[in-house]
Amino acid sequence: MRIIVNGSSRETAAGDLASVLTELGLAEAVVATALNGEFVPSGARGATRIGEGDRLEVLAPMQGG
Amino acid sequence: MRERFMTGPIAAGALSAASPLKLYDVELGSRLLLGTSRYPSPAILTEAIESSGAEVVTVSLRRESSGERAGQGFWSLIRELGVRVLPNTAGCHSVKEAVTTAHMAREVFGTSWVKLEVIGDDDTLQPDVFGLLEATRILAGEGFEVFPYTSEDLVVADRLLDAGCRLLMPWGAPIGSGRGLNNLFGLKALRARFPDVPLIIDAGLGVPSHAAQALELGFDAVLINTAVAEAAHPAQMAVAFARAVEAGFAARLAGPMEPRDMAEPSTPVIGKAFLG
């Protein structure tokens, strides 16, 4: 199944958002997630199903003004 | 009406402790807030933050790549500095984007503080004050402590305070422009209209004299990013801004004189010898 992660298309075998993060090697990272424009709290990632064409944003702390 | 102080002056260096800045019940010794963007390197950013004495730095959220993991490194650098973070919603153009970004920031940074930006114009990066107000209402209702990036408009300011803001961040000039306080009349009117609301000049200051001027006019603090980050020597410029902020604040406490249109001799005329 193909999903869009941070703007790039990607093949995934994961069924839920937590598993996608594990695939990305970001399971333990300090990140926040949004699926199709909606914030998904870290505690809800395991229960959040992923579907074909879903848009996932994985954001981390960054420099800001 | 100017206050007259019955006590002696507060020594330079002791001002912050004598008159702390209070932002949402948090007392701060420094009236200089620093942005963390655009520095030549993480080491220079660290040096600038330490040199500035700033206790609050702004941060943001951006896409994390699994390869570089740049965000993880940045976050550990900031945590080691022990400063308080103020997450922003920079680059958000809609209420939905800004509110979602605020939710994500609260989880990642563990703070209910948010520097709320809803950008209305790409050339001037001026705030969309209508979207800002709407997003403020939503976030304040959810317990966020909103630092709204706004204009000097009095009516907008009034509405933001009604919506739950307990401080305001009016711009000095467009973000990154370094132009200083563009609309002195408007900013003075804002200060006069809301004498008890903490007002932080956010955006557009270019040199330390701009920061000193802001504090002299009674603004409570300034947020500086580009002017420090893009200086030839950022840490040195951070020191300069810190001193300017202290000088401006000391001047405010001292009560500046009123400008006059005509000359007024400073040396007494009475007793002057007749030598003509």
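Conventions adopted
Residues numbered from 1 in each chain as written. Chains lettered and ligands numbered in written order. Predicted model: local features only at pLDDT ≥ 70, side-chain atom pairs only at ≥ 80, totals over all residues. Heavy atoms only, no water. Contact = heavy atoms within 4.5 Å. Buried area = accessible area lost by both parts, 1.4 Å probe. Salt bridge = Lys/Arg side-chain N within 4 Å of Asp/Glu carboxyl O. Axes fitted to C-alpha atoms, helices over the stretch in contact; angles between N-to-C directions. Helix = DSSP H or I, 4+ residues; strand = E, 2+ residues; numbered from the N terminus. Parallel < 35°, antiparallel > 145°, perpendicular 65-115°, else oblique. Left-handed = near helix turned anticlockwise from the far one by under 90°. Nonpolar A, V, L, I, M, F, W, Y, C, P; charged D, E, K, R; others polar. Buried < 20%, exposed > 50% of the residue type's maximum accessible area, 1.4 Å probe, protein only.

Novice: Please provide a residue-by-residue account of the interface of chain A and chain B, values included.
Specialist: Opposite the 26 residues of chain A that make contact, chain B presents 28 residues. Buried surface at the junction of chain A and chain B, both sides included, amounts to about 2300 Å², of which 58% is carbon and sulfur. Interface area lost by chain A to chain B is led by Pro61(A), Met62(A) and Gly65(A), which between them contribute 27%. At the junction of chain A with chain B, the criterion picks out three salt bridges.

Novice: Provide a residue-level description of the packing of helix α2 (residues 42–52) of chain B against helix α3 (residues 70–81) of chain B, including the pertinent values.
Specialist: Residues and elements named next belong to chain B. It is at 11 Å that the axes of α2 and α3 come closest, and there the two elements cross at 25°. Comparing the axis directions of α2 and α3 gives the class roughly parallel. Pair α2 / α3 crosses with right-handed handedness. Of the residues in α3, those touching α2 at Pro42, Leu45, Thr46, Ile49 and Glu50 are Phe74, Leu77, Ile78 and Leu81. Residue composition of the contact of α2 with α3, grouped by class: seven nonpolar, one polar and one charged.

Novice: Residue-level account of the pattern of salt bridges, with values.
Specialist: Residues and elements named next belong to chain B. Summed over the entire model, instances satisfying the criterion amount to ten salt bridges over all chains. The partner of Asp158 in a salt bridge is Arg193, and the shortest N-O contact between them spans 3.7 Å. One end of the pair, Asp158, is in helix α6 (residues 154–162); the other, Arg193, is in helix α7 (residues 184–193), and 35 residues separate them in sequence. Taking the relative accessible area as the measure of exposure, Asp158 reaches 24% and is therefore partly exposed. Accessibility expressed as a relative area gives 43% for Arg193, which makes it partly exposed. Among the charged side chains, a network of salt bridges with common partners joins Lys115, Glu117 and Asp202.

Scope: geometric values only; no functional claims are made or implied.
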